[in-house]
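# Summary of the model geometry
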Amino acid sequence: MSKVYIARPIPEIGINLLKEKFEVEVNPENKVLSKEELKEAVKGTDAILSLLTDKIDREVFDAAGNQLKIVANYAVGFDNIDVESAHQKNVMVTNTPGVLTEAVAEHAITLMLSVAKSIIEADKYIREGEYKQWEPMGFLGPQITGKTLGVVGLGRIGSMVAKIGHSGLGMNVLYYDVKKNEDFEKDVDAKFSELDEVLKNSDFVSIHVPLLPSTKHLINKEKFSLMKKTAILINTSRGPVVDESALIEALKSKQIWGAGLDVFENEPELIPGLADLPNVVLTPHTASATIEARDAMSKMCAENIIAALSGQTPPNLVK
Ligand code: GLV
Ligand code: GLV
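Residues numbered from 1 in each chain as written. Chains lettered and ligands numbered in written order. Predicted model: local features only at pLDDT ≥ 70, side-chain atom pairs only at ≥ 80, totals over all residues. Heavy atoms only, no water.

## Focus on the pattern of salt bridges
If you walk through the whole model with that rule in mind, you get 18 salt bridges. Here Glu59 makes a salt bridge to Lys39, at a shortest N to O gap of 2.8 Å. Here Glu59, found in helix H3 (residues 58-64), pairs with Lys39, found in helix H2 (residues 35-42); they are 20 residues apart in sequence, far enough to count as distant. Since its relative accessible area comes to 18%, Lys39 is described here as buried. Lys228 serves as the salt-bridge partner of Asp203, at 2.9 Å between the closest nitrogen and oxygen. Remark: Lys228 occurs in the loop between helix H10 (221-226) and strand E10 (232-235) and Asp203 occurs in the loop between helix H9 (195-201) and strand E9 (204-207); sequence separation between them is 25 residues. Three or more residues are tied together by salt bridges with common partners; here these are Lys35, Glu36, Lys39, Asp57 and Glu59. (Salt bridge = Lys/Arg side-chain N within 4 Å of Asp/Glu carboxyl O. Helix = DSSP H or I, 4+ residues; strand = E, 2+ residues; numbered from the N terminus. Buried < 20%, exposed > 50% of the residue type's maximum accessible area, 1.4 Å probe, protein only.)

## Some details on the domain arrangement of the protein
When its domains are assigned, the protein resolves into domain 1 (3-99 + 291-309) and domain 2 (101-282). Once you take the C-alpha centre of each, domain 1 and domain 2 turn out to be 31 Å apart. The interface of domain 1 with domain 2 comprises 8 residues on the first partner and 6 residues on the second. In this assembly, domain 1 packs against domain 2 so that about 550 Å² is buried in total across both faces, 49% of it on carbon and sulfur atoms. Summed over the three residues of domain 1 that lose the most area to domain 2, namely Leu52, Asp79 and Gly98, the buried surface amounts to 59% of that side. One can count 1 salt bridge joining domain 1 with domain 2. As a salt-bridge pair, Asp79 and Arg238 come within 2.9 Å of each other at their nearest N and O atoms. Where domain 1 touches domain 2, the interface holds 2 residue pairs in polar contact (both at pLDDT 80 or more). Split by residue class, the side of domain 1 that touches domain 2 holds 5 nonpolar, 2 polar and 1 charged. (Domains from an automatic or database assignment. Contact = heavy atoms within 4.5 Å. Buried area = accessible area lost by both parts, 1.4 Å probe. Polar contact = N/O pair within 3.5 Å; in protein donor to acceptor, adjacent residues only side chain to side chain. Nonpolar A, V, L, I, M, F, W, Y, C, P; charged D, E, K, R; others polar.)

This is the structure:
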């Protein structure tokens, strides 16, 4: 019977599907495995269900052995997996596209609104007993309706954020992507611009690119200098897309107004100083954390593994 290793407890829907067909072992502890623990755990397995916190590289493929057929990542991003080594070892790699689009887009919009409306700061102010009188000029922030939303990366998630911004919040949409999407432009009344132009002209900038060598520190010191002093940056993609030292500087020197971040350069560590800034809202990489999305991700991972171990092409193979 084929063996499947699941590197953390995940919603049981996928685990149950896998248990119907295979010998399944789930990491009993809800903790990220060290490299050594991971290598030991995957020895002799035919499939690994990995999390975005598991670095799956050559060493892990070698430790698993030549029978390994598939690594199914419980995430849409797969920068944690060395896909080239996987291909050299004839291991298939899959991700979970499409099922977390709404969840992540909702989260990006939530961060946008939370930063603009100082929701976290205001909540803290009340809890700390500071609300003694109504303030005519307290907690002032930008209105959102009619402002310009700059979407960097117009994949599924970026498109959904643009749609919500445009139809739900009356925003004008600019976008940058490696390719222009004319159908989308008609649909959402979005305008394509080069990255620098998007940054110069947007009141809210939301990042939706995958982490690749070409997108590491895509938003750096020079890019912050182009942005409006009133701009709010939202990142729900991957931490290293934004140069965090440059971000802290930009926030401290009021080069930009604020930021909403779900991802960080060295998760779960935070860069010193970030959590001391009032004009940021921070969430612990929870953008896809809806019950619906996580169930669907679990199921999708299982379906990919079932296909691969039955000699079929998994539906969500990455290139
Ligand atoms: C989460 O960050 C994902 O890539 O699914
Ligand atoms: C990821 O699902 C994307 O295409 O944005």
